[in-house]
Amino acid sequence: MPPTKTKTEKTTETRILFRNIDEPGLSKISTYKRLGGYKSLVKAYTEMTPEDLLAELEASDLRGRGGAGFSMGKKASFLPRGDMDKYLCCNADESEPGTFKDRELMQKNPHQLIEGMVIAARAAGANRCFIYIRGEYVLQADTLDRAVAEAYEAGYLGEDVCGTGEQVELVVHRGAGAYICGEETALLDSLEGKRGNPRLKPPFPAVEGLYGGPTLINNVETLSNLPHIVASGAEWFRSFGTEQSPGTKVVSVSGDVAKPGNYEIELGVPVRGIIDDLAGGASGKAKLKCFFPGGSSSPVLTVEEGMDLPYSFEAMADAGSMLGSGSIIVCDEETSVVELALRVARFYHHESCGKCTPCREGTNWTVKMLERLSHGEATPIDLETIVSVQGNITGNCLCVLGDSMAAPVSALVAKYRPEFDQAISMGGVNGHATAGNGHGGDALPDVAWPLGAGSAG
Amino acid sequence: MSAASDKAGEGMFPQEVDLERVLDERGFTPEIAEIDLDQAKTGSVGREPAPVPEPGEVEVPEKLRREIERAMAKYPEVKSASIPALWAVQREYGWCSPEGIHQAAAVLGVTPGYLQSVATFYDLFHTEPTGEHQVLVCTNISCWLRGADEMLQEMCEQAGTAPGETSEDGKLFVRGFECLGACDLAPMASIDGEYFGPLEPGEGAEAIAQLCAGEKVLPKRRLEDRGAAGGKRAGADRRTSSHPMNKTKAKPRAKKTGKA
Ligand SMILES: Cc1cc2nc3c(=O)[nH]c(=O)nc-3n(C[C@H](O)[C@H](O)[C@H](O)COP(=O)(O)O)c2cc1C
Ligand code: SF4
Ligand code: FES
């Protein structure tokens with residue numbers, strides 16, 4: 001079903017995950033239960049078999065909210081059956097620039113996530129669960145710790161979930177600052193206590209994941225949907241959103257908009273509705289120029305290209321970009337695209353784990369060449385080199401981080417070529433300020449260890 | 001490269017490299033880097049990696065030991081407690097000091113080198129001494145669009161330090177940081193682990209001054225107190241309100257009466 005709203009109708013939020021989000025005390029189990037919480041968990045454990053659950057999840061067509069958009073039910077079904085330790089990892093590393101939805105979900109409604117995880121554990125046959133939360137989220141991790149303790153106390157976690165004899169253990173694991181640990185296999189290495197380097201796939205985590213055992217990895221928002229699907233059914237869930245993108249999405253909107261924040265919308269509403277009606281449109285006097293539709297790794301769309309598209313996985317892919325983590329970063333006309341490309345490249349350069357050459361070297365060179373462009377030291381050949389380096393990165397890396405820089409940088413050069421040419425002919429850039437930013441640079445003193453090159457830290 | 005290979009066998013580092021200077025540039029002394037300069041120049045370094053410390057021979061502060069052991073008990077494999085152990089070390093010593101890493105290694109049963117390699121991978125671990133207060137200013141896209149570079153500069157000026165450096169009195173460490181997952185607060189900063197924003201010009205300096213004076217920092221800018229952007233009652237929909245998980249009517253609070 002395409003969105004039911006007509007063009008002239010104002011876009012409003014459709015809250016399922018965000019319902020009651022600011023209810024005082026929602027992070028406490030008593031309030032959560034008073035509002036109907038944990039009923040789905042009881043239903044899943046006492047009225048449904050794991051097979052029923054899997055079938056319901058697959059029928060819902062819930063797609064992963066962490067970036068790739070893969071069917072959650074299908075991924076859960078890939079785990080082998082049988083009596084062995086199986087793992088469920090919730091990806092709460094949330095470090096993609098522009099993304100902050102999981103933060104609000106965990107801070108304000110931690111039990112929704114825990115309930116979703118215990119349900120997912122039953123569907124996948126997992127007995128040990130972990131929440132890998134980025135180390136910067138102190139408030140959120142503390143909140144989760146308290147909520148997990150409450151859930152143990154109430155018998156929703158532990159050796160005997162709801163008196164069924166099923167065992168589900170849950171540990172909140174705090175990371176320590178490394179974007180790459182959001183990549184699912186790097187997350188597993190980090191959780192095993194190693195440096196967070198991605199692994200070669202296959203084997204996929206569903207077969208050989210944490211400690212070599214079958215492992216299901218899902219994003220916070222993905223798992224937070226489960227209590228609702230179990231409560232009201234797959235068909236109800238599919239009544240929201242589009243055919244290929246069912247459900248709602250918590251969208252993080254930031255940048256040059258009047259009211260940045262998280263808005264839960266039905267997938268398929270027009271982008272314009274999200275940016276103008278919900279986030280209040282441009283924050284300054286300048287008109288809007290372009291936006292990243294799914295975090296900083298998604299190729300930008302110009303306002304002309306993107307504003308009237310439906311916000312869904314399929315429409316963003318058809319437009320040559322992606323919905324990704326569902327984070328819209330908006331830039332107005334005053335933004336220097338060269339500086340923007342440099343910011344993007346610096347981030348991925350800083351976060352590259354250094355394991356493979358195209359990413360390690362490619363991100364480094366891209367930053368250097370964009371800096372030359374920005375400082376007015378570049379020649380036209382440099383721009384050609386930037387373009388060709390992106391081509392050499394794309395598809396040649398162990399994980400998607402390399403491509404995550406190449407895609408947006410390529411798109412910026414392709415769509416705003418005259419601005420790059422101008423930076424070359426006019427000797428630099430004078431858009432948004434360009435002062436040094438205290439990280440990622442070669443000469444900075446906070447690069448930690450003398451002999452340990454190639455660290456992500 | 002050829003210079004280095006010519007000298008292979010003579011020493012680990014080519015003579016031309018002034019190791020002392022290289023270390024110094026990066027803020028290290030040979031002692032901290034555990035490098036014997038004479039050995040490095042004249043012969044093989046000749047140093048085996050430090051083995052797993054004997055648990056009985058290393059004195060570990062009681063609190064640190066307890067925290068690490070509690071973490072170890074949570075995981076099927078002990079090594080998973082590496083990051084929690086390093087957090088514990090950092091809480092104990094203010095940074096991941098060689099001494100602390102040695103102690104954690106003894107409790108975990110791994111080599112200090114292993115823990116060191118883990119510590120250097122993650123941005124939040126300090127492998128050199130750092131300031132008492134940690135100020136991380138996000139300078140990624142959304143914050144940059146809203147004046148993060150100026151905010152970082154303002155805070156550094158007030159603190160009397162440069163990005164990525166600790167103030168002379170050892171009180172403040174200020175650095176630019178990647179997206180902290182709070183772009184709705186742009187420009188924003190994480191101060192001793194707590195998030196603040198959106199910061200108006202001048203409020204960065206105010207925050208630093210408050211930190212130095214031991215006062216509460218920017219009470220009006222705490223993330224913790226912020227409501228959802230769309231307001232409290234947004235998003236009511238026929239289909240969501242019929243849904244059992246989504247009762248909107250909160251039970252009225254029991255009125256306090258005089259009775260006990
Ligand atoms: C470099 C990189 C960083 C990622 N960071 C995150 C992240 O912070 N959070 C997240 O949920 N997924 C992240 N992902 C996607 C995960 O690898 C994985 O696809 C996702 O957690 C699966 O959950 P989902 O199917 O529920 O979306 C990242 C991927 C890559 C390549
Ligand atoms: S693509 Fe980059 S981040 Fe990913 S494994 Fe290779 S070097 Fe590491
Ligand atoms: S860009 Fe600053 S918090 Fe995300």
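Up top you'll find the structure we're talking about.
These numbers were taken from a predicted model, which means no experiment stands behind them.

Enquirer: Would you mind going over unusual backbone geometry with me for this structure?
Expert: Most peptide bonds adopt trans geometry, and most residues besides glycine take a negative phi value. Omega for the peptide link from A186 of chain B to P187 of chain B comes to -10°, which places this bond in the cis form. When you line up the elements, P187 of chain B lands in the loop between β3 (172-177) and β4 (189-191). In this structure, P198 of chain B follows G197 of chain B across a cis peptide bond, with omega equal to -10°. As for its position among the elements, P198 of chain B is in the loop between β5 (194-196) and α11 (203-213). Phi is positive for N20 of chain A, which is not a glycine, with a value near 65°. Along the chain, the position of N20 of chain A falls in the segment before α1 (29-34). The backbone of L218 of chain B shows a phi angle near 25°, a positive value even though the residue is not glycine. Counting through the fold element by element, L218 of chain B comes out in the loop between α11 and α12 (238-241). By relative accessible area, L218 of chain B is classed as buried at 4%.

Enquirer: Honestly, the site of ligand 2 in this entry has me stumped. Any pointers?
Expert: Taken together, 13 residues lie around ligand 2, and C353, K355, C356, C359 and C399 of chain A are the ones closest in. Across the shell around ligand 2, the residue classes tally to nine nonpolar, three polar and one charged.

Enquirer: So what exactly am I meant to see when it comes to the pattern of salt bridges here?
Expert: Side chains that carry opposite charge are capable of pairing whenever their charged atoms lie near each other. Residues and elements named next belong to chain A. In this structure the tally under the stated criterion is 36 salt bridges over all chains. Its salt-bridge partner being D61, residue R238 comes within 2.8 Å of it at the nearest N-O pair. Here D61 lies in the loop between α3 (50-60) and α4 (72-77) and R238 lies in helix α11 (residues 234-238), a separation of 177 residues in the sequence. For R238, a relative accessible area of 25% gives the class partly exposed. Exposure remark for D61: the relative accessible area of 32% places this residue in the partly exposed category. The partner of D102 in a salt bridge is K101, and the shortest N-O contact between them spans 2.9 Å.

Enquirer: Would you take a moment to explain the packing of aromatic side chains for this structure?
Expert: One pair of aromatic rings is described through two measures. These are the centre distance and the angle between the planes. Counting across every chain of the model gives 13 aromatic pairs over all chains. Here Y179 of chain A and F347 of chain A contribute two aromatic rings whose centre-to-centre distance is 4.9 Å and whose plane-to-plane angle is 65°, an arrangement assigned as edge-to-face. Of this pair, Y179 of chain A sits in the loop between β3 (169-174) and α8 (184-191) while F347 of chain A sits in helix α15 (residues 337-351), placing them 168 residues apart in sequence. Using a relative accessible area of 16% as the deciding quantity, one classes Y179 of chain A as buried. When its relative accessible area of 2% is taken as the criterion, F347 of chain A is described as buried. Measuring from ring centre to ring centre gives 4.8 Å for F347 of chain A and Y348 of chain A, while their planes differ by 80°; the resulting arrangement is edge-to-face. As far as burial versus exposure is concerned, F347 of chain A and Y348 of chain A are alike and both buried. Members of the aromatic cluster, joined through ring pairs, are W87, F121, Y122 and F125 of chain B. Here the guanidinium or amino end of K289 of chain A rests over the ring plane of Y416 of chain A, the centre of that ring lying 5.4 Å away. A cation over an aromatic ring shows up here: K79 of chain B above the ring of Y114 of chain B, its NZ or CZ 4.3 Å from the ring centre.

Enquirer: Mind showing me how you'd approach the interface of chain B and chain A here?
Expert: In many reports, interface size means the accessible area that the parts give up when they come together. Counting residues at the interface gives 77 residues for chain B, matched by 107 residues for chain A. Interface area, chain B with chain A, both sides summed: about 7700 Å², of which 55% is carbon and sulfur. At the junction of chain B with chain A, the criterion picks out two salt bridges. A salt bridge links D149 of chain B to R343 of chain A, with the shortest nitrogen-to-oxygen separation between them at 2.8 Å. Linking chain B to chain A there are 28 residue pairs in polar contact (both at pLDDT 80 or more). Only α6 (82-93), α8 (112-121), α9 (141-145), α10 (148-159), β3 and α12 of chain B provide two or more residues apiece to the side of chain B that touches chain A. At six residues, the largest contribution of residues to the side of chain B that touches chain A is made by α8 of chain B.

Enquirer: Even after reading the chapter, I still don't get the sheet that holds strand β6 (residues 261-266) of chain A, so can you show me in this structure?
Expert: Within a sheet, each strand pairs with its neighbour through backbone hydrogen bonds, oriented either parallel or antiparallel. Residue and element names in this part refer to chain A. Taken in spatial order, the five strands line up as β6-β5-β9-β7-β8 in an open sheet, and their pairing is mixed. Edge positions in the sheet fall to β6 and β8 (301-302), since each has one partner strand and no second. Where strand β7 (residues 288-292) lies against β8, two bridges are found, and the strand directions are antiparallel. Following the sheet pairing, F291 is matched in β8 by L301.

Enquirer: Would you explain the sheet that holds strand β4 (residues 215-219) of chain A in this entry?
Expert: All names here are of chain A. Across the sheet, which stays open at both edges, the four strands sit in the order β3-β2-β1-β4 with parallel pairing between neighbours. In the strand order of this sheet, the two ends are held by β3 and β4, each with one partner. Strand-to-strand twist across the sheet, computed as the mean angle between neighbouring axes with direction ignored, equals 20°. By the bridge criterion, six bridges tie strand β2 (residues 128-133) to β3 in an arrangement that is parallel. Its bridge partner lying in β3, I131 is registered against V172. Helix α7 (residues 138-153) rests against β2 and β3 of the sheet, and its axis sits at about 165° to β3.

Enquirer: Honestly, helix α5 (residues 101-108) of chain A in this entry has me stumped. Any pointers?
Expert: An α-helical turn contains 3.6 residues, so a residue and the one three or four places further along point in the same direction. When you tally the buried positions in α5 of chain A, you get eight out of eight residues, the bulk of the element. Considered for burial, the residues of α5 of chain A that qualify are K101, D102, R103, E104, L105, M106, Q107 and K108 of chain A.

Analysis parameters
Residues numbered from 1 in each chain as written. Chains lettered and ligands numbered in written order. Predicted model: local features only at pLDDT ≥ 70, side-chain atom pairs only at ≥ 80, totals over all residues. Heavy atoms only, no water. Helix = DSSP H or I, 4+ residues; strand = E, 2+ residues; numbered from the N terminus. Buried < 20%, exposed > 50% of the residue type's maximum accessible area, 1.4 Å probe, protein only. Near = heavy atom within 4 Å. Nonpolar A, V, L, I, M, F, W, Y, C, P; charged D, E, K, R; others polar. Salt bridge = Lys/Arg side-chain N within 4 Å of Asp/Glu carboxyl O. Phe/Tyr/Trp six-rings, centres within 6.5 Å; stacked < 30°, edge-to-face > 60°. Lys NZ or Arg CZ within 6 Å of the ring centre and 35° of its normal. Contact = heavy atoms within 4.5 Å. Buried area = accessible area lost by both parts, 1.4 Å probe. Polar contact = N/O pair within 3.5 Å; in protein donor to acceptor, adjacent residues only side chain to side chain. Pairing = 2+ DSSP bridges. Axes fitted to C-alpha atoms, helices over the stretch in contact; angles between N-to-C directions.

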